[in-house]
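# Residue-level structural notes
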Amino acid sequence: MAMAGTVQAPRSSQARARAWLLGFLRFATVIVTTYLGLLAVTFFIGRVIPIDPVLAVLGDHASASAIAQARREMGLDLPLWQQFLLYLRQVLSGDLGTSVLTTNPVTTDIVRVFPATLELATFGTIVGVAIGIPLGVLAAVRRGSLADQVVRLVGLAGYSIPIFWLALVGLLFFYARLRWVAFPGRIDVAYEYTFTPITGLYLVDAVIQGQWDVAWDVFRHIVLPGCLLGYFSLAYVSRMTRSFMLNELGQEYIVAARAKGLAERRVIWRHALRNAAVPLVTVVVLSYASLLEGSVLTEIVFSWPGIGSYITNALQNADMSAVLGGTLIIGSVFIAINLLSDVLYRALDPRTRVR
Amino acid sequence: MSALPAAPRQGRRAWLLSNSPASRLQARLGRAYMVWLRFSANGLAVAGLAIILLLVLVAIFAGLLAPHSPTLGDLAGARLLPPGTPGYLLGTDDQGRDILSRLIYGSRLTLFVVVLVAVIAAPVGLLVGTVAGYAGGWLDAVLMRITDIFLAFPKLVLALAFAAALGPGIENAVIAIAITSWPPYARIARAETLTVRNSDYIAAVRLVGASPWRIVLRHVMPMCLSSLIVRVTLDMAGIILTAAGLGFLGLGAQPPTPEWGAMIASGRRFILDQWWVATMPGIAIFVVSLGFNLLGDGLRDALDPKEGAQ
């Protein structure tokens, strides 16, 4: 998607403004069509696939008149495109329907559960980046060595292990056998009523309130699922870091830096990694998005009260508006992060700037 | 290589590696042989191939290999036996069923899902990509916008919602995964199409009077196949993991079908005391996914040495 890095003659400010406007318009089109596409898909799943959406809401014991009334209320007697417009209006005004399971509006539910998922995915990404980037650099610098092979295998395993299975095995060892970590949920029941969250990110909340015992308890809950997610992020990040670093280390400016007599350490960490960092930012951002999604299966195993558990609980109770609302939210965040990575890439790489 | 001076074999090798093939068949076989030489030099890739071949064989001969029935257990005498019990190599589950036999029969389901998703998603992606790349203009713009939209979706969550709406079942899981996995293939096919679109041989075919459809189907698509095969192979591990995830959530194959993900889910209740019930299917998924990943990596290196150098 990056624009060609051709050298162009300096243009007038008017031409630059026009180029910028065009770029902005293109970007706006991308955003709007992508979101419309997502809404079309959730609309399709919710309204078109079920044989009778009324049955899905009322159940099969409803009377004929109740069904007819529900049909009118849900707008099912309208043509499909009008139904879609109706759906758009509802979603844009923040109405995702009511959950049958919790009897709350889906929007309220999601606002409540989303911080838990956010905290978990953030923890995972931090772990993945903090370990994955040094591992990738190591593998690239010592290319072909034993260390390189080990990093490669660790990465490949990350692409091959079912995350929910690793979570179960992790629980078996670190919770049941070793008793190192706490389970289930985000926080011990003992603290549940004395602790008042502010941001919804419990680790942050406990620290800013200075409740160190709570912070430790929250940490013991998050460390296993967070590190597991971090491992999957690590697999991706280390692999990409290695490939970007190899690319940079083969460039002439590296030879020049070495010839100048710079310490190898400085050449690697300051010169090569800095240039590799531009595409890496995209990788990290994308891995963050995939962790938000990947946390669905992890949350179930750890009884983590996030959006993944919310969706799967709804699934098991045929609570379609909750499922679709959750899908829509994860999808929206996912798309937003994808677009953000595009923007970041352009902002960081001077070659992609509009001149 | 062997020390035996195998004269006819040497001759065959020379015939295959000849720089001036006398027939189309010789040229094709020679090219395939060169790919094989590069591929077989990579130990891990060969290990991956071996795993996949083994999976296929196990799936074909499941009836002969499995010592017990995969669905009917011995409820009275064989519940939750640990691995190593005589007659039950990997132990039994809560219904008294032999886990090894269930894993052996489950390999059929895994292959079924992987092959079916590949057979549905790859041609769709190939068609969309080649048509978009060859036609250009507004058709290209529209098709690629749709591809990008699907590419921006979270795969697992969307597959989850599809499977939920369609109802549980392995066929619906396949459809759900296929719907979310074609866009990368379209991207690859389009990129390959753009590189051959303006080449001389396409111009020659066009001059002979071939229709656009014929050009796309007969002359453009074959050029996209090798990169597509690599990508599909690399994606197979992801497909297996997604299918297992859906099975774990109860949206894939229904009991008593021995689907590996569903087996993990049913063993989850006993994880603390009878660890083997949930652990064994996970190892099977891991080994097969690793096999596909190693195979895909090896194929990529062998088919495209330029990329493999990194």
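Residues numbered from 1 in each chain as written. Chains lettered and ligands numbered in written order. Predicted model: local features only at pLDDT ≥ 70, side-chain atom pairs only at ≥ 80, totals over all residues.

### Regarding the overall build of chain A
Operational definition: Each helix is a run of DSSP H or I of at least 4 residues and each strand a run of E of at least 2, with the numbering of both proceeding from the N terminus. Using C-beta atoms placed from the backbone, we call a residue buried if 20 or more other C-beta atoms fall within 10 Å of its own, exposed if 12 or fewer do, and partly exposed for counts in between. We call two residues in contact if the C-beta atoms placed from their backbones are at most 7 Å apart.
Along the backbone of chain A there are 14 helices and 0 strands. Mapped from its N terminus to its C terminus, chain A presents α and β elements in the order α-α-α-α-α-α-α-α-α-α-α-α-α-α. Each of the three principal axes of chain A carries a C-alpha extent, and together these read 85 × 65 × 40 Å. Relative to its full complement of 355 residues, chain A shows a buried share of 36%. A sequence separation of at least 24 residues applies to 73% of the contacts in chain A between residues at least 6 apart.

### What about unusual backbone geometry?
Look at Arg179 of chain A: it is not a glycine, yet its phi comes out positive at around 60 degrees. Taking the C-beta count within 10 Å as the criterion, Arg179 of chain A has 8 such neighbours and is therefore assigned exposed.

### Remarks on helix 3 (residues 64-73) of chain A
Here helix 3 of chain A lies mainly on the outside; 0 of its 10 residues are buried. Positioned one or two residues after helix 3 of chain A, Gly75 of chain A has a phi angle of 75 degrees, which is positive.

### A short note on the nonpolar core
Convention followed: A set of buried residues qualifies as a nonpolar core if it consists of Ala, Val, Leu, Ile, Met, Phe, Trp, Tyr and Cys joined through C-beta atoms within 7 Å.
In this structure, Phe164 of chain A together with Leu160, Ala161, Ala173 and Ile240 of chain B are the most contacted members of the largest nonpolar core, which totals 165 residues. Leaving out residues up to four positions away in the same chain, Ala173 of chain B has contacts with Val113, Ala163, Ala243, Leu246, Leu251 and Gly252 of chain B.

### A short note on the interface of chain A and chain B
Keep this limit in mind: Amino acid classes used here: Ala, Val, Leu, Ile, Met, Phe, Trp, Tyr, Cys and Pro are nonpolar; Asp, Glu, Lys and Arg are charged; the rest, including Gly, are polar.
With 37 residues of chain A at the contact, the number on the chain B side is 35 residues. Mapped onto the side of chain A that touches chain B, the elements with two or more residues apiece are helix 1 (13-48), helix 6 (146-160), helix 7 (163-177), helix 10 (212-249), helix 12 (264-302), helix 13 (307-316) and helix 14 (320-348) of chain A. Looking at the side of chain A that touches chain B element by element, the count peaks at 8 residues for helix 14 of chain A. Residue composition of the side of chain A that touches chain B, grouped by class: 26 nonpolar, 10 polar and 1 charged.

### Things to note about the packing of helix 5 (residues 106-141) of chain A against helix 10 of chain A
Residue and element names in this part refer to chain A. Basically, it comes down to this: Lines fitted to C-alpha atoms define the axes, with helix axes restricted to the stretch in contact, and inter-axis angles between N-to-C directions lie between 0 and 180 degrees. Working rule for handedness: look at the near helix, and if it is turned counterclockwise from the far one by less than a right angle, call the crossing left-handed; if clockwise, right-handed.
Look at helix 5 against helix 10: their axes get within 5 Å of each other, and the N-to-C directions meet at 35 degrees. Pair helix 5 / helix 10 crosses with right-handed handedness. Here the contact of helix 5 with helix 10 is composed, by residue class, of 21 nonpolar, 10 polar and 3 charged.

### Considering helix 11 (residues 212-248) of chain B
Each turn of an α-helix holds 3.6 residues, which means side chains three or four residues apart point in the same direction. Residue and element names in this part refer to chain B. This is how it is decided: Under the convention used throughout, the expected extent of a helix is 1.5 Å for every residue step, that is, one less than its residue count. Note that bend, as reported per residue, equals the angle between axes fitted to the 7 residues terminating at that residue and the 7 residues originating from it.
Over its 37 residues, helix 11 runs only 46 Å from end to end, short of the ideal 54 Å by more than 12%, given 1.5 Å per residue. At Met221, helix 11 shows its largest bend, some 45 degrees, and a proline, Pro222, comes one to four positions later. Once helix 11 ends, the next one or two residues include Gly250, with phi positive near 85 degrees.

### Brief notes about the environment of Ala347 of chain A
Residues and elements named next belong to chain A. Note on placement: Ala347 falls in helix 14. When the 12 C-beta atoms within 10 Å are taken as the criterion, Ala347 is described as exposed. Spatially, the C-alpha atoms of Ala347 and Val278 are 9.5 Å apart, while their sequence positions differ by 69 residues.

### Things to note about the packing of helix 7 of chain A against helix 10 of chain A
Residue and element names in this part refer to chain A. Which entries qualify depends on this criterion: Any angle that is under 35 degrees is reported as roughly parallel, and any over 145 degrees as roughly antiparallel; angles of 65 to 115 degrees are reported as roughly perpendicular and all others as oblique.
In contact at an axis separation of 10 Å, helix 7 and helix 10 are set at 140 degrees when each is read in the N-to-C sense. Compared by their axis directions, helix 7 and helix 10 come out oblique. Crossing of helix 7 over helix 10 shows right-handed handedness. Together, Ile163, Leu166, Ala167, Gly170 and Phe174 of helix 7 and Leu224, Pro225, Leu228 and Phe232 of helix 10 make up the contact between the two elements. For the contact of helix 7 with helix 10, the residue count by class is 8 nonpolar, 1 polar and no charged.

### Regarding the confidence of the model for chain B
Detail in the predicted coordinates should be disregarded across regions flagged by low pLDDT. Residue and element names in this part refer to chain B. The condition is simple: Confidence scores here are pLDDT values: one per residue, from the predictor, ranging 0 to 100.
This prediction gives chain B a mean pLDDT of 84; 95% of its residues lie at or above 70. Here helix 14 (residues 305-308) stands out as the element of chain B with the lowest mean pLDDT, 48, in contrast to helix 5 (residues 99-135), whose mean of 92 is the highest. Both scores are available for the predicted complex, with the pTM at 0.85 and the ipTM at 0.83.

### Quick look at the environment of Asn313 of chain A
Residue and element names in this part refer to chain A. Summarising the element assignment, Asn313 is placed in helix 13. A count of 18 C-beta atoms within 10 Å places Asn313 in the partly exposed class. Residues Asn313 and Leu249, spaced 64 residues apart in sequence, show a C-alpha to C-alpha distance of 49 Å.

### Quick notes on the environment of Thr327 of chain A
For Thr327 of chain A, the position within the fold is in helix 14. If we ignore the near neighbours within four places in the chain, the residues touching Thr327 of chain A are Thr42 of chain A together with Val157, Leu158 and Ala161 of chain B.

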